[in-house]
Amino acid sequence: MRNIFYLFFLLTNLIYSQMPSEVMQDLNNFEPSELIVKLKDNVDAGVYYEENGKAKSDFNIGEFLGIEDKIESSKVMFHQAAIEASVVNSQKMKAVYLAKGMQNVKDPLTMKNIFVLKTINQQENILQLIEEIKDNPNVEYAEPNYIYSIDDFEVGDIIYDDPGNENEQESSENSTANISVDDPLYSSQSNITSTNIDDVWDQYTTGDGSQVVAILDTGGDYTHPDLEANTWINTAELNGVEDYDDDGNGYVDDIRGWDFINLDNAPLDDNMHGTHVAGIVGAVGNNGIGIAGAAWNVKLMHIKVFQSSGIGDSVIIAEGVEYAYMNGATILNMSFGGYGQSQTLKLSLENAYSTSILVAAAGNDKIGIGPNCTPCAPFYPAAYNYVLGVEDTMGYTNYDQDGPTFTEWFLELLNYELAAPGSAIMSTVPNGGYATLTGTSMATPLVAGGLALYNQQKPDDSKEIIFGNLINTSSTYVDFLAAIEIEPVPDLKILTAEVDDEIEGNTYQNDEPDIGETIHLYPRVKNYWGQADNVKVELKIGGNQFQNDYYNTLVTIEDNISELGSMSAYSTYQQFEDPLTFSVSEDVPHNTQVEFRMIVWDELQDPVVKDSLDFNLKIKNAVQL
C-alpha cells in the first residue's frame, strides 16, 4: 500500500530543500567524534548489568561493524530497569497492533543495545561514518549525537531585595478568584490569571505535594527561599549511607536530583534558566515572599542536562529523561529543543510517556511546524504527538499553522497543542532573586504546573483525556479551569487513506488506479478527544452536482461504508480490514481526475458530528512498459 496524497511528499521535499538557517544549523550541530548506534534486539552484544543496574558490555562493536580502526571507545546507554520496561512496553504495543489486524507493522523499538561510540580522530566525518554502517542488517539505526539548546530568552531587571507586601491588595484585586495571595510579586503574574489557574486555586486546589515535576534544564537553585520547601527529596538517599547508592538507581546520594553535566549529586543552576522555569512551575505560594508558582505545593525534581551556556546533547538529555520517569516524576518539563530529531531521545521519551506527562517548548524562531508553510520545520521534542508542545501567541514564537486538532504531517502526527503566556514572565533566579524572562521556555512550565493541579484533582483521567480536555477548551491560551470541568466528547478527523490496487484481476497492481481495476481505500482517522463507540467512514463522489453526474460514469462505489468500531480518547486508527471499495470503468480518458470525499462520524454521538476530507485520484489509461 502507498499513501494517496503524493503531493504532500513533494511539498515536504520542497520545503526541506529551502530550510531556514536555524534549521540547517541544528541539523549540522552535533558532538564531534561521537555517534549513537542501536543494534537490533536479537544481537547478542554481551550486555550485562552492574549491581546498580547500569548496562555494561565488553563487546567490540567497532569490529562488529567493520569500523574498528576508527573507534576509540564505546559505552552502553541506560539502566536495567528502564531497558526491561521498554521491552515490556514494546510487547504491549505489538499486541495492540495485532489486535487491530496490523500484521505488517514493524515492532516498536526498545532501549536495548544502544551504544555511544567515540572516534579516534576528533575530525572524523560522522555523517559519512553513519552512511557506512546504517545499512548493516544488525543495525537498527545510527545517528549523530545532536546538540540541543534552551533557546534564546530575554532577561529583564533582576530583583534581589525583598519587595515586601506592598502589592498584596493589588494582586488580589487583579484576580477573578476569591482566594487571597500574599506573595508580593503576584501582581506581576498575569500568566496565572490568563490561564485561569487562580480559579483552580479558588475552586479546587493549590497543590498537595503529590505531584513530582522534573525540570530538565540548566539545574535549579534549590536553596532559593521560594523553591527550597518544594524541592524533591530522595528520602532513601537522604536517610541512607553517605557515598552509597541506597536506592540502587545507579546514582550515589542523589538527594535532590542529578547533575548529568558534572556527574554529581548537586544539580545547581549556573545559568538562571532552570531556576526561572522551576519557579513558574512551583514557587511556594502564599509564603509572603516573591511569587506564587502555578502549584503552591509540588515536588520539583532538578535534573541538570544543560551546561551554563545552555547547550546539551541527546545522549545526556535521554539519560536525564530516563532518570526522571524511573524515579517517579509524574510530569516532565522540557523548556528546550532543536530541529535535529534524535531517535535515542525519542525512544527515551516514548517510554517516559508510559508513566509521565511530557511538556515541551515550541521554540522562539517564528517558524511554523510545517510542512506546508514558509519557513517551516518541526521543533523537537515539542512536535511529537505524545508531547504537549507549548507556543506563546506573541510574534517571536514558533507556531502550528494548521492548529492542534489536525496535522498535515499525517504520517508522523506532529503538532504543537497548546499556547500559554511566555512574555515578560516574573519568576525566581539564583541567589534568591527574581526577574522577568521571555520565551516559550517560560510558557511551558506554566502548563507543567497547571498539570500538577489537574493530575491531583482528576487522578483517574488518562493522559489522552487530559490532552483532549486541554486542547478542546483552549481559546487564546490554555484554560485549566475549563479543562478540569469539561465532559469530553469525540472529535474525529480523517487524516488520509492508503490506496491498494493489489487485487486479484487488476492489470498492473502499481498502487494507483488504472482503467478496469478495483481499488481499496483504507482510511486513517484521529480522535482528538473523548471515547467514540461506533466510528464509521463513508466514501462518496465529491464535487458539485454537474461533476458528480460525470464522475459516476467513470467510477462505481461498491463498498461505501467502513466500520472502524470504537476509538479511545486521543487515539489514531489505521484501517486494515473492511476497506472502502470502488471500481474504474474501461472508458476513462487517460489522467482523468476524479474527486472523492471521505466522511467520518460516531454513530452513537448525540448530536452526530461529521468531518470530511476531499481528495482527487488520477485514473490511468495507458500501457505500462
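Residues numbered from 1 in each chain as written. Predicted model: local features only at pLDDT ≥ 70, side-chain atom pairs only at ≥ 80, totals over all residues. Heavy atoms only, no water.

A. Examining the packing of aromatic side chains more closely. Inspection of every chain in the model, using the stated rule, returns 20 aromatic pairs. For the pair Tyr-339 and Phe-379, a centre-to-centre distance of 5.0 Å together with 70° between the ring planes defines the contact as edge-to-face. With Tyr-339 in the loop between strand S13 (331-334) and helix H12 (343-352) and Phe-379 in the loop between strand S14 (357-361) and strand S15 (388-391), this residue pair connects regions lying 40 residues apart in the sequence. Across the pair, Phe-379 and Tyr-339 agree in class, each one buried. Site record: aromatic cluster; members linked through ring pairs are Tyr-353, Tyr-380, Tyr-384, Tyr-386, Phe-467, Tyr-528 and Tyr-570. Residue placement shows Lys-463 over the ring face of Tyr-353; its charged tip is 5.0 Å from the ring centre. One Lys or Arg, Lys-610, reaches over the ring of Trp-601 and ends 4.5 Å from the middle of that ring. (Phe/Tyr/Trp six-rings, centres within 6.5 Å; stacked < 30°, edge-to-face > 60°. Helix = DSSP H or I, 4+ residues; strand = E, 2+ residues; numbered from the N terminus. Buried < 20%, exposed > 50% of the residue type's maximum accessible area, 1.4 Å probe, protein only. Lys NZ or Arg CZ within 6 Å of the ring centre and 35° of its normal.)

B. Examining the sheet that holds strand S9 (residues 212-217) more closely. Taking strand neighbours across the sheet as the criterion, the seven strands line up as S10-S11-S9-S13-S14-S15-S16 in an open arrangement whose pairing is parallel. A single partner strand is all that each edge strand has here, and the edge strands are strand S10 (257-259) and strand S16 (418-419). Inspection of the sheet shows S14 paired to S15 by three bridges, in the parallel sense. By the bridge assignment, Ala-360 is partnered in S15 with Gly-389. Each of S9, S13, S14, S15 and S16 is contacted by helix H13 (residues 440-457), which is oriented at about 160° to S14, the strand it contacts most. (Pairing = 2+ DSSP bridges. Contact = heavy atoms within 4.5 Å. Axes fitted to C-alpha atoms, helices over the stretch in contact; angles between N-to-C directions.)

C. View of the pattern of salt bridges. Taken as a whole and assessed by the stated rule, the structure comprises 10 salt bridges. In this structure, the salt-bridge partner of Lys-493 is Asp-491, at a minimum N-O distance of 3.9 Å. Classification of Asp-491 by relative accessible area gives buried; the value is 17%. Note that Asp-614 and Arg-597 form a salt bridge whose closest N and O atoms lie 2.6 Å from each other. With Asp-614 in strand S27 (residues 611-619) and Arg-597 in strand S26 (residues 592-602), the pair connects residues that are 17 residues apart, well separated along the chain. Residue class for Asp-614 comes out partly exposed when judged on its relative accessible area of 39%. Since its relative accessible area comes to 34%, Arg-597 is described here as partly exposed. (Salt bridge = Lys/Arg side-chain N within 4 Å of Asp/Glu carboxyl O.)

D. Structural context of helix H5 (residues 126-133). Within H5 the residues assigned to the buried category are Ile-126, Leu-129, Ile-130 and Ile-133. Buried residues of H5 fall within an arc of 100° about the axis and therefore sit on the same side. Structurally, H5 contributes buried residues whose contacts are with strand S2 (30-39), helix H3 (61-65), strand S6 (114-119) and strand S7 (139-149). Regarding H5, its N-cap is Asn-125, as a side-chain oxygen of that residue lies 3.3 Å from the backbone nitrogen of Leu-127 further along. (Arc of directions from axis to C-beta. Polar contact = N/O pair within 3.5 Å; in protein donor to acceptor, adjacent residues only side chain to side chain.)

E. Representation of a negative patch on the surface in the model. Among the surface-exposed residues, Glu-558, Asp-559, Glu-577 and Asp-578 lie close enough to one another that they form a single negatively charged patch. Turning to its location among the elements, Asp-559 is positioned in strand S22 (residues 555-559). Classification of Asp-559 by relative accessible area gives partly exposed; the value is 40%. (Patch = residues over 30% accessible without salt bridge, like charges linked within 9 Å, V, L, I, M, F, W, Y side chains within 5 Å. Areas by Shrake-Rupley, 256 points an atom, 1.4 Å probe, with all protein chains shown as cover. Lys, Arg positive; Asp, Glu negative; His and termini not counted. Charge placed at Lys NZ, Arg CZ, Asp CG, Glu CD.)

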